[in-house]
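Observations on chain architecture
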Amino acid sequence: MAMEAPNTEGFVLVWADGTRAKVKFPEYLRLHKILTGVNKRTIWELLRSGQSFDAFLDRTPDEFFQWAKETRGELEGQYASIEAFCKAMTEQVQTLPTRKEQDAIVTKHAYPGIVFSMLDNKKYSDAIWKLLYPEATRPFREGVEG
């Protein structure tokens, strides 16, 4: 017997202690994703452009809320890690007397373009975000939230 019926969202499980869990049918999740357009690239674009994440969450269906927050944390963590590495490299080489000496060290490590932007006091945020551009993904596995 199939549990999923047309035009139904899912059901709520209730335990004796009052604990509740929503179970959403796969078709409902699929349609919600199509309607909301929520995916990892959506989160990336929001962060890259500096838009309000709270405003985004206000428009995000409950089924995507936790996933969106986790994705935000993952992307911001990756950004912070790259930025910290590049700042450390910048501090290491900024007192060297010539660009050639800086270049000899910086180009042996990751993200030389970002380090040189930092050394030249140029904007580097877009370069980091471009490195983090996500592959096309779906926020949910078939029939399973998470």
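Residues numbered from 1 in each chain as written. Predicted model: local features only at pLDDT ≥ 70, side-chain atom pairs only at ≥ 80, totals over all residues. Heavy atoms only, no water.

Concerning the packing of helix 2 (residues 40-49) against helix 4 (residues 62-93)
Orientation of helix 2 relative to helix 4, taken along the N-to-C sense of each, is 55 degrees, at an axis distance of 10 Å. One way to sum up the angle between helix 2 and helix 4 is to call them oblique. The handedness of the crossing between helix 2 and helix 4 comes out as right-handed. For the pair helix 2 and helix 4, contact is made by Lys40, Ile43, Trp44 and Leu47 and by Trp67, Ala68, Thr71, Arg72, Glu74, Leu75 and Glu76, respectively. Taken together, the residues that form the contact of helix 2 with helix 4 break down as six nonpolar, one polar and four charged. (Axes fitted to C-alpha atoms, helices over the stretch in contact; angles between N-to-C directions. Helix = DSSP H or I, 4+ residues; strand = E, 2+ residues; numbered from the N terminus. Parallel < 35°, antiparallel > 145°, perpendicular 65-115°, else oblique. Left-handed = near helix turned anticlockwise from the far one by under 90°. Contact = heavy atoms within 4.5 Å. Nonpolar A, V, L, I, M, F, W, Y, C, P; charged D, E, K, R; others polar.)

Here's the deal with unusual backbone geometry
Even without glycine at this site, Tyr111 takes up a positive phi of about 60 degrees. Looking at where Tyr111 falls in the secondary structure, it is placed in the loop between helix 5 (99-106) and helix 6 (112-119). Classification of Tyr111 by relative accessible area gives partly exposed; the value is 30%. (Buried < 20%, exposed > 50% of the residue type's maximum accessible area, 1.4 Å probe, protein only.)

Observations concerning the packing of helix 5 against helix 6
Each pair of packed helices can be summarised by the angle the axes make with each other and by the distance between the axes. In contact at an axis separation of 10 Å, helix 5 and helix 6 are set at 145 degrees when each is read in the N-to-C sense. In the crossing of helix 5 with helix 6, the sense of the turn from one axis to the other is right-handed. In this structure, helix 5 contributes Arg99, Gln102, Asp103 and Val106 to the contact, and helix 6 contributes Pro112, Val115, Phe116 and Leu119. Looking at the contact of helix 5 with helix 6 residue by residue, the classes come out as five nonpolar, one polar and two charged.

Quick notes on the pattern of salt bridges
All chains considered together, the criterion is met by six salt bridges. Two residues, Glu45 and Arg48, come together in a salt bridge whose shortest N-O distance is 2.8 Å. Placement of both Glu45 and Arg48 in helix 2 is noted, with a separation of three residues, approximately one turn of the helix. In this structure Arg48 comes out as partly exposed when scored by relative accessible area, which is 29%. A salt bridge links Arg72 to Glu76, with the nearest nitrogen and oxygen atoms 3.2 Å apart. Pair noted here: Arg72 and Glu76 are both in helix 4, with a separation of four residues, about one helical turn. Accessibility expressed as a relative area gives 34% for Glu76, which makes it partly exposed. Among the ionic contacts, a cluster of salt bridges with common partners joins Glu45, Arg48 and Asp126. (Salt bridge = Lys/Arg side-chain N within 4 Å of Asp/Glu carboxyl O.)

A look at the environment of Leu132
Along the chain, the position of Leu132 falls in the segment after helix 7 (125-131). Take Leu132: its relative accessible area is 10%, and that puts it in the buried class. Sequence-wise, Leu132 and Arg48 are 84 residues apart; in three dimensions their C-alpha atoms are separated by 9.7 Å. Leu132 has contacts with Trp44, Leu75, Gln78, Tyr79 and Ile82, leaving out every residue within four places of it along the chain.

Describing the pairing of strand 1 (residues 10-14)
Bridging between strand 1 and strand 2 (residues 20-24) involves five bridges; their strand directions are antiparallel. From the neighbouring strand, Phe11 faces strand 2, where its bridge partner is Val23. The antiparallel hairpin formed by strand 1 and strand 2 contains five residues in its connecting segment, where Gly18 sits at a positive phi of about 95 degrees. (Pairing = 2+ DSSP bridges.)

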